[in-house]
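Summary of the model geometry
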Amino acid sequence: MVKRGWRLYELLRTCVSIANAIPTAEGAIQYAMQNSEITLHNSKCLVLGFGRCGKILAHKLQALGAKVSVEARSTKDLAYISTYGYRPIPLDDLAHYLNEFDFIFNTIPVRLLTSSLIDLFSPEVVYIELASTPGGIDVDYAEQKGISYVPAPSLPRVYVRHKIKSL
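Parameters and conventions
- Residues numbered from 1 in each chain as written.
- Predicted model: local features only at pLDDT ≥ 70, side-chain atom pairs only at ≥ 80, totals over all residues.
- Heavy atoms only, no water.
- Salt bridge = Lys/Arg side-chain N within 4 Å of Asp/Glu carboxyl O.
- Helix = DSSP H or I, 4+ residues; strand = E, 2+ residues; numbered from the N terminus.
- Buried < 20%, exposed > 50% of the residue type's maximum accessible area, 1.4 Å probe, protein only.
- Expected span 1.5 Å × (residues − 1).
- Pairing = 2+ DSSP bridges.
- Axes fitted to C-alpha atoms, helices over the stretch in contact; angles between N-to-C directions.
- Contact = heavy atoms within 4.5 Å.
- Core = buried A, V, L, I, M, F, W, Y, C linked by side-chain atoms within 4.5 Å.
- Phe/Tyr/Trp six-rings, centres within 6.5 Å; stacked < 30°, edge-to-face > 60°.

With that out of the way, let us pick up the pattern of salt bridges. Counted under the stated rule, the structure contains 2 salt bridges. Ionic pairing is found between Arg-87 and Glu-100, a salt bridge with its closest N-O pair at 2.6 Å. Of this pair, Arg-87 sits in strand β5 (residues 87-90) while Glu-100 sits in the loop between β5 and β6 (103-106); the two residues are 13 residues apart in sequence, bridging distant segments of the chain. Between Lys-145 and Asp-119 there is a salt bridge, and its shortest N-O distance comes to 3.3 Å. Of this pair, Lys-145 sits in the loop between α5 (139-144) and β8 (148-151) while Asp-119 is found in the loop between α4 (115-118) and β7 (126-129), placing the two residues 26 residues apart along the sequence. Looking at Lys-145, the relative accessible area reads 43%, which means it is partly exposed. Asp-119 gets classed as partly exposed once you look at its relative accessible area, which sits at 40%.

Taking 1.5 Å per residue, 12 residues should reach 16 Å; helix α2 (residues 52-63) reaches 17 Å between its end C-alpha atoms and fits that length. Three or more residues of α2 are buried, namely Gly-54, Ile-56, Leu-57, Ala-58 and Leu-61. Backbone geometry just downstream of α2 places Gly-65 in the positive-phi region, at approximately 90 degrees.

With that out of the way, let us pick up the sheet that holds β6. Spatially, β5-β4-β3-β6-β7-β8 is the arrangement adopted by the 6 strands of the open sheet, whose pairing is parallel. Among the strands making up the open sheet, the edge pair consists of β5 and β8. Between one strand axis and the next, the sheet turns by 20 degrees as a mean value, whatever way the strands run. Pairing of β7 with β8 involves 4 bridges; the strand directions are parallel. For Val-126, the partnering residue across the bridge sits in β8 and is Ser-148. Relative to the sheet, α2 contacts β3 (44-48), β4 (67-72) and β6, its axis offset from that of β3 by approximately 170 degrees.

Turning our eyes to something else, we now look at the nonpolar core. Core analysis: the largest hydrophobic core is formed by 27 residues, its most contacted members being Leu-57, Leu-61, Val-68, Val-70, Phe-105 and Ile-128. For this core, the secondary-structure elements that each account for two or more residues are α1 (10-34), β3, α2, β4, α3 (75-83), β6 and β7. The leading source of residues in this core is α1, at 5 residues. Beyond its immediate sequence surroundings of up to four residues, Val-70 is in contact with Leu-46, Val-47, Gly-49, Phe-50, Ala-58, Ile-81, Tyr-86, Arg-87, Pro-88 and Ile-89. One finds Leu-94, Leu-98, Ile-118 and Ile-137 within the second-largest nonpolar core, a separate group that totals 19 residues.

By the definition in use, this model includes 5 aromatic pairs. Aromatic pair Phe-50 and Tyr-84: ring centres 6.3 Å apart, planes at 45 degrees, arrangement tilted. Separated by 34 residues along the polypeptide, Phe-50 in the loop between β3 and α2 and Tyr-84 in the loop between α3 and β5 bring together distant segments of the chain. Residue Phe-50 is classed as buried on the basis of its relative accessible area, which comes to 6%. Taking 6.3 Å as the distance between ring centres and 25 degrees as the angle between the ring planes, the aromatic pair formed by Phe-103 and Phe-105 counts as stacked. Every member of this aromatic cluster is reached through a ring pair, and the members are Phe-50, Tyr-80, Tyr-84 and Tyr-86.

Next up, the structure:
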């Protein structure tokens, strides 16, 4: 795009969005710790989506000793997930695994988790919503079932703003 002699490169937008995924992951981890009585170490975590936020979040969770599973659609992403030492879960097989997790982190802005899938959750699961509207879960049904739902769709802005104010 050229406008008034300036050329906008997609590279800048990509760099900023990748850098933005770091405070998103850190804030998600903070919310997980605040909303559970168990440690992330040795916990079973599911990351829904393997985009910018999902990749960095999975990496940071694994560094804390969590047992990380990552859901993805593409075979290429599933191969990377396995190579990085996470357990790959194809989207089509997600229902077979949902009862296992202590924490579920969603990065996909598509309603994937309907009532029939929410019914498969462990009652103690903490679900952290990182995706923008509409999010990945039927919130009303999840709350009706007593699922610990933590909305955090604007987390990078909230997290960074909080840190700047506290300096």
